[in-house]
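Okay, here's what each chain looks like letter by letter:
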Amino acid sequence: MTIHHPIKPAWTCGGCAGEWPCQTRRRELRAEYDRAPVSLALYLAAQLVDAAQDLAHVPAGHLHHRFLGWTQ
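Bear in mind the structure is a predicted one, so any value in this text is a computation, not a measurement. Once a new chain begins, its residue numbering starts again from 1 and follows that chain's sequence as written. Under the rules for a predicted model, residues below a pLDDT of 70 receive no local features and side-chain atom pairs below 80 are neither given nor counted, while totals for whole chains, interfaces and linings still include all residues. Only hydrogens and water are set aside; all other atoms, that is, all heavy atoms of the structure, feed into the side-chain values.

> What is the right way to read helix 1 (residues 23–32) from this model?
Side chains that are three or four residues apart share a direction in an α-helix, a result of its 3.6 residues per turn. For helix 1, the full list of buried residues reads Arg25, Arg26 and Leu29. Summarising the axial view, the buried residues of helix 1 lie within an arc of 105 degrees, below the 170-degree limit, and thus occupy one face. Turned more than 90 degrees away from the buried face of helix 1 sit Gln23, Arg27 and Ala31, all of them exposed. In this analysis, two residues are considered to be in contact whenever any of their non-hydrogen atoms come within 4.5 Å of each other. Per the convention used, a helix needs a DSSP run of H or I reaching at least four residues, while a strand needs a run of E reaching at least two, with both numbered from the N terminus. The elements touched by buried residues of helix 1 are helix 2 (37–54) and helix 3 (60–67). Think of it in three bands: with a 1.4 Å probe and only protein chains considered, a residue is buried below 20% of the maximum accessible area for its type, exposed above 50%, and partly exposed in between. Along the arc lie the directions from the helix axis toward the C-beta atoms.

> Sorry if this is basic, but what is going on with helix 3 here?
Those residues of helix 3 lying buried are Leu63, Arg66 and Phe67. Down the axis of helix 3, the buried set is contained in an arc of 80 degrees. They therefore lie on one face. Looking at the buried residues of helix 3, the elements they touch are helix 1 and helix 2.

> Sorry, what's going on with the pattern of salt bridges here?
Here the idea is simple: oppositely charged side chains can pair when their charged atoms come close. Each salt bridge in this description consists of a side-chain nitrogen of Lys or Arg and a carboxyl oxygen of Asp or Glu lying within 4 Å of one another. All chains considered together, the criterion is met by 4 salt bridges. Among the salt bridges present, the one from aspartate 50 reaches lysine 8, with a minimum N-O distance of 2.9 Å. Of the two residues, aspartate 50 sits in helix 2 while lysine 8 sits in the loop between strand 1 (6–7) and strand 2 (12–13), which places them 42 residues apart along the sequence. Judged by its relative accessible area of 28%, aspartate 50 is partly exposed. Between arginine 25 and glutamate 32 there is a salt bridge; the shortest N-O distance is 2.7 Å. Accessibility expressed as a relative area gives 8% for arginine 25, which makes it buried.

> I'm lost on the packing of helix 2 against helix 3 in this one. Help?
Two numbers describe a pair of packed helices, the interaxial angle and the distance between the axes. Geometry is summarised by axes, namely lines fitted to C-alpha atoms with helices restricted to the contacting stretch, and by angles between N-to-C directions that run from 0 to 180 degrees. One can describe the packing of helix 2 onto helix 3 by two numbers: an axis separation of 10 Å at closest approach and a directional angle of 145 degrees. Of the two possible hands of crossing, helix 2 and helix 3 adopt the one that is right-handed. Here Leu44, Gln47, Leu48, Ala51 and Ala52 of helix 2 come into contact with helix 3, specifically with Leu63, His64 and Phe67. Handedness of a helix crossing follows the sense of rotation of the near helix relative to the far helix, less than a right angle counterclockwise being left-handed and clockwise being right-handed.

> Is there a simple way to explain the packing of aromatic side chains in this structure?
Geometrically, a pair of aromatic rings is defined through the distance of the ring centres and the angle of the planes. For Phe, Tyr and Trp, where Trp contributes only its six-membered ring, two rings pair if their centres lie within 6.5 Å, and the inter-plane angle classes them as stacked under 30 degrees, edge-to-face over 60, or tilted in between. Counting across every chain of the model gives 4 aromatic pairs. Where tryptophan 11 meets phenylalanine 67, the ring centres are 5.7 Å apart and the plane angle is 75 degrees; that geometry is what we call edge-to-face. In this pair, tryptophan 11 sits in the loop between strand 1 and strand 2 while phenylalanine 67 sits in helix 3, placing the two residues 56 residues apart along the sequence. Chaining the aromatic ring pairs together yields one cluster made of Trp11, Trp20 and Phe67.

Structure (structure tokens):
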């Protein structure tokens, strides 16, 4: 079980206080969804939609890169 979960509404990491998903959580997610990249993208897209409501002041492009851009 990870300690790198999102702390809402700021969407910071509960493990390292960085932006969630942090580098550690990204590595964990890649491992968890190793054989299911579409499922990973769907999970992160759902998180992006949730975060966009809390982080309305953050540019959409930044949120997209933060939540989905690193998966490609």
